[in-house]
Amino acid sequence: METVSLACAPNLSGIVEEIIDNFEDKSVSFELTIGENCNVYYQEILKGKKYDIFLSADEKSADNLVSLNLASASEVYAKGKLCLWSFENKIPEISTAKIALPDPNIAPYGKAAFEYLENTKLMDLVKNNLMFGKSPFEVSRLVLERIAQVAFLPVSFVKSVLKDNNFKILENGYFPVIQKCALLSPDNKKAQEFFKWFIISKKPMSILEFYGF
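Owing to the predicted nature of the structure, the values given are computational and were not obtained by experimental measurement.

(A) Quick peek at helix α9 (residues 202–210). Every buried residue of α9 is listed here: P204, I207 and L208. Across the axial projection of α9, the buried residues extend over an arc of 100°, all falling on one side. Residues of α9 that are exposed and angled more than 90 degrees away from the buried face: K202, E209 and F210. At its buried positions, α9 is contacted by α1 (16–21), β4 (73–80) and α8 (189–200).

Structural data, given as structure tokens:
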């Protein structure tokens, strides 16, 4: 059985497994790694760690790997959406709440959250109430442990991991979070097949759409 190794963004947790299950070629075995953020994978790949495909939460990382000749192709597979999520029955007013969000220095959705706060003129009101996590898992724990009242998170993560409908989608106020994948092992034919199927087939697209992409 041939193996394809996937390095995946944390906001694909619970989603990429479903996509893999729907891949037609059942002779392929997948090695799946889901890290705390994409920058970890990016740095590992730069240092020589081998993966076949990198499913990033941004577009820059995948494109940079192509520019550095560490990937043979990069393609858009999703456009992510940002939301406000709370463990309380009603989403709190963020101007007075303690807010958890991904670290904008390493996380695309943290950067999007910062853009939203700046573009909606809320940053000056909330800047002293912000707390950061390295991953959506850390961010959500801050809310679950009642350290924060509300969190900025990818819609996909709230739906697939937290399995909660108590969120408010933020459609505007930030640049779209374009997610790209990179083909790192062009000599692995099964990786090539999965990469192409993942990009162009209706089934993975429909699964991603169901989870809020």
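(B) Representation of the side chain of S185 in the model. Tracing the backbone through its elements, the reader meets S185 in the loop between β10 (177–183) and α8. The exposure class of S185 is buried, given its relative accessible area of 18%. At a separation of 3.3 Å, a polar atom in the side chain of S185 contacts the main-chain carbonyl oxygen of Y51. A polar atom in the side chain of S185 sits 2.8 Å from the side chain of D52. Not counting residues up to four positions away in its chain, the partners in contact with S185 are Y51, D52 and A191.

(C) How the structure looks around the sheet that holds strand β7 (residues 130–133). Strand order across the open sheet formed by five strands is β7-β6-β8-β5-β9, with mixed pairing between neighbours. Of all the strands in the sheet, the pair left with one neighbour each is β7 and β9 (167–170). Across the sheet, the axes of successive neighbouring strands diverge by a mean angle of 30°, strand direction being ignored. Where strand β5 (residues 82–85) and strand β8 (residues 150–154) come together, four bridges link them in antiparallel fashion. Across the sheet, L82 pairs through a bridge with P154, a residue of β8.

Each value, and the rule that gives it
- Residues numbered from 1 in each chain as written.
- Predicted model: local features only at pLDDT ≥ 70, side-chain atom pairs only at ≥ 80, totals over all residues.
- Heavy atoms only, no water.
- Buried < 20%, exposed > 50% of the residue type's maximum accessible area, 1.4 Å probe, protein only.
- Helix = DSSP H or I, 4+ residues; strand = E, 2+ residues; numbered from the N terminus.
- Arc of directions from axis to C-beta.
- Contact = heavy atoms within 4.5 Å.
- Polar contact = N/O pair within 3.5 Å; in protein donor to acceptor, adjacent residues only side chain to side chain.
- Pairing = 2+ DSSP bridges.
- Axes fitted to C-alpha atoms, helices over the stretch in contact; angles between N-to-C directions.

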